[in-house]
Amino acid sequence: MKPLPKRFFARSDVDQVARELIGVELSVGAVSGIIVETESYDPTDAASHSYGARRTARNAVMFGPPGHAYVYFIYGMYWCLNFVCTDASAVLIRALEPTEGLGIMRRRRGASRDQLLCSGPGRLCQALGIDGTFNGLSLFEAPFALRRGTEAGEIASGTRIGITKAAELERRFGRAGSPYLSKRFP
């Protein structure tokens, strides 16, 4: 599989980036999986951390160069992994189909069913060993690797999960019918 080019994230249409990430292989050290679910965010979106182009210490990475990890803590217990695009936009990685290092993921998660290892942003970060120390790291250098994966197949879209602002926007994308999604599409 070919690595993603650095220009992949340097596009103004964050929804297109989010769609095209479906089927991409994400590796973090010895663990890997195929991205099966994403959500997109940009500064015009009231649900985005960059809404209104407000730069803070927490979201500063979103205002930097594309192709970096934006990792933040939510609900006092979960890490979330986002890929920074241009213009303070980002794509939340919601779910993976685990492919390599499943034993490591099971130990980290304390879960035995493969479908529960990376189905949801918090589970995904726990399984991949991602925490706040990954914030700002380049997606094109170790421990990260991104490679074009298998054909994405049919891409489903729907409203995002777990937000109250701009909840009606259809900016969640996923591999239709995948058993590894955090939630099925209607």
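First, a word on scope: everything that follows refers to the structure included in this document. (Residues numbered from 1 in each chain as written. Predicted model: local features only at pLDDT ≥ 70, side-chain atom pairs only at ≥ 80, totals over all residues. Heavy atoms only, no water.)

Attention now goes to the packing of aromatic side chains. Each aromatic ring pair is characterised by the separation of its centres together with the angle its planes make. Here the structure, examined in full by the defined rule, presents 6 aromatic pairs. Aromatic side chains phenylalanine 9 and phenylalanine 83 sit 5.7 Å apart centroid to centroid with 85° between the ring planes, which places their arrangement in the edge-to-face category. Separated by 74 residues along the polypeptide, phenylalanine 9 in the segment before α1 (14–20) and phenylalanine 83 in strand β4 (residues 78–84) bring together distant segments of the chain. The exposure class assigned to phenylalanine 9 is buried, which follows from its relative accessible area of 0%. Ring geometry for phenylalanine 9 and phenylalanine 140: centres 6.0 Å apart, planes at 65°, overall edge-to-face. Here the residue phenylalanine 9 occupies a position in the segment before α1, and phenylalanine 140 occupies one in the loop between α3 (121–128) and β6 (144–147), the gap between them amounting to 131 residues. Judged by its relative accessible area of 23%, phenylalanine 140 falls in the partly exposed class. Taken together through their ring pairs, the aromatic side chains of Phe8, Phe9, Phe83 and Phe140 make up a single cluster. (Phe/Tyr/Trp six-rings, centres within 6.5 Å; stacked < 30°, edge-to-face > 60°. Helix = DSSP H or I, 4+ residues; strand = E, 2+ residues; numbered from the N terminus. Buried < 20%, exposed > 50% of the residue type's maximum accessible area, 1.4 Å probe, protein only.)

A few words on unusual backbone geometry. Between alanine 142 and proline 143 the backbone carries a cis peptide bond, its omega angle lying at 15°. By secondary structure assignment, the location of proline 143 is in the loop between α3 and β6. Positive phi outside glycine occurs at alanine 166, with the angle close to 50°. Position of alanine 166 relative to the elements: it lies in the loop between β7 (155–158) and β8 (172–175).

Axis angle and axis distance: for two packed helices, these are the angle between their axes and the distance between the axes, and together they describe the pair. Across the interface, helix α2 (residues 102–109) lies against α3 with an axial gap of 7 Å and an inter-helix angle of 115°. In the crossing of α2 with α3, the sense of the turn from one axis to the other is right-handed. Contacts from Met105, Arg108 and Arg109 in α2 reach Arg123, Gln126, Ala127 and Leu128 in α3. Of the residues that constitute the contact of α2 with α3, the class distribution is 3 nonpolar, 1 polar and 3 charged. (Axes fitted to C-alpha atoms, helices over the stretch in contact; angles between N-to-C directions. Left-handed = near helix turned anticlockwise from the far one by under 90°. Contact = heavy atoms within 4.5 Å. Nonpolar A, V, L, I, M, F, W, Y, C, P; charged D, E, K, R; others polar.)

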